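Inside the fold
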Amino acid sequence: MNLSSHKLFRGDQEIELTAKEFRLLEYFTTRPGRALTRRDILNAVWGNSIMVTPRSVDRCVTTLRSKIEADPANPVFIQTIRDIGYRFEGGE
């Protein structure tokens, strides 16, 4: 993950992310192992100026998982914490 160029690579292949997906992944990777609530994620990634719901986080996480996880149905990196939110596991 290259923060300055806003690019993510798996080996030599670039993984295309939207700006929102990149911000979400950056937020996760800078807080590895921490339980992050949907509300905290919303405030950090979407900001307070936009009317979105916690389900917006879920949709964006699902899309992000489909791009970075080998098996999105059994994620390794972005773990769901029931009734709380998410936790990122693994390196950048």
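Read on for an overview of the structure. From a predicted model like this one, the values you see are computed outputs, not experimental measurements. (Residues numbered from 1 in each chain as written. Predicted model: local features only at pLDDT ≥ 70, side-chain atom pairs only at ≥ 80, totals over all residues. Heavy atoms only, no water.)

On a plain count of helices and strands, the chain comes out with three helices and five strands. When the helices and strands of the chain are read in sequence order from the N terminus, they spell out β-β-α-β-α-α-β-β. The C-alpha radius of gyration of the chain comes to 13 Å, within 12% of the 12 Å expected for a compact globule of 92 residues. With respect to the principal axes defined by its C-alpha atoms, the chain has extents near 35 × 30 × 20 Å. Taking all 92 residues of the chain together, 33% fall into the buried category. Counting only contacts in the chain whose residues sit at least 6 apart along the sequence, the fraction spanning at least 24 positions is 45%. (Helix = DSSP H or I, 4+ residues; strand = E, 2+ residues; numbered from the N terminus. Rg over C-alpha atoms; globule rule 2.2 N^0.38 Å. Buried < 20%, exposed > 50% of the residue type's maximum accessible area, 1.4 Å probe, protein only. Contact = heavy atoms within 4.5 Å.)

Time to look at the sheet that holds strand β4 (residues 78-81). Where strands meet in a sheet, backbone hydrogen bonds hold them as pairs that are either parallel or antiparallel. Overall, antiparallel pairing links the three strands, which are arranged β3-β5-β4 in an open sheet. On the outer flanks of this sheet lie β3 (36-37) and β4, each paired with one strand and no other. One ladder, built from two bridges, connects β3 with strand β5 (residues 85-88); its direction is antiparallel. If you follow Thr 37 over to β5, its bridge partner there is Gly 85. Its contacts with the sheet place helix α1 (residues 19-29) against β3, β4 and β5, and it is angled at close to 65 degrees to β5. The strands that helix α3 (residues 54-68) touches are β4 and β5; relative to β4, the one it contacts most, it runs at about 145 degrees. (Pairing = 2+ DSSP bridges. Axes fitted to C-alpha atoms, helices over the stretch in contact; angles between N-to-C directions.)

Time to look at the side chain of Thr 29. Structurally, Thr 29 is set in helix α1. Among the polar contacts listed, one links the side chain of Thr 29 to the backbone oxygen of Glu 26, at a separation of 3.2 Å. (Polar contact = N/O pair within 3.5 Å; in protein donor to acceptor, adjacent residues only side chain to side chain.)

Within the largest apolar cluster, 19 residues are counted, with the highest numbers of intra-cluster contacts made by Leu 24, Phe 28, Ile 41 and Ile 78. Among the secondary structure elements, those contributing two or more residues to this core are α1, α2 (38-46), α3 and β5. For this core, the element with the highest residue contribution is α3, accounting for five residues. When near neighbours in sequence (up to four residues on either side) are disregarded, Phe 28 contacts Leu 36, Ile 41, Val 61, Ile 78, Tyr 86 and Phe 88. (Core = buried A, V, L, I, M, F, W, Y, C linked by side-chain atoms within 4.5 Å.)

In this sheet, β5 lies alongside β4 in antiparallel orientation, the contact comprising four bridges. The residue of β5 that forms the bridge with Ile 81 is Gly 85.

Further remarks concern the environment of Met 1. Following the sequence through the fold, Met 1 ends up in the segment before β1 (8-10). The partly exposed category is assigned to Met 1, whose relative accessible area is 22%. Met 1 sits 72 residues away from Ala 73 along the chain, and the two C-alpha atoms are 23 Å apart.

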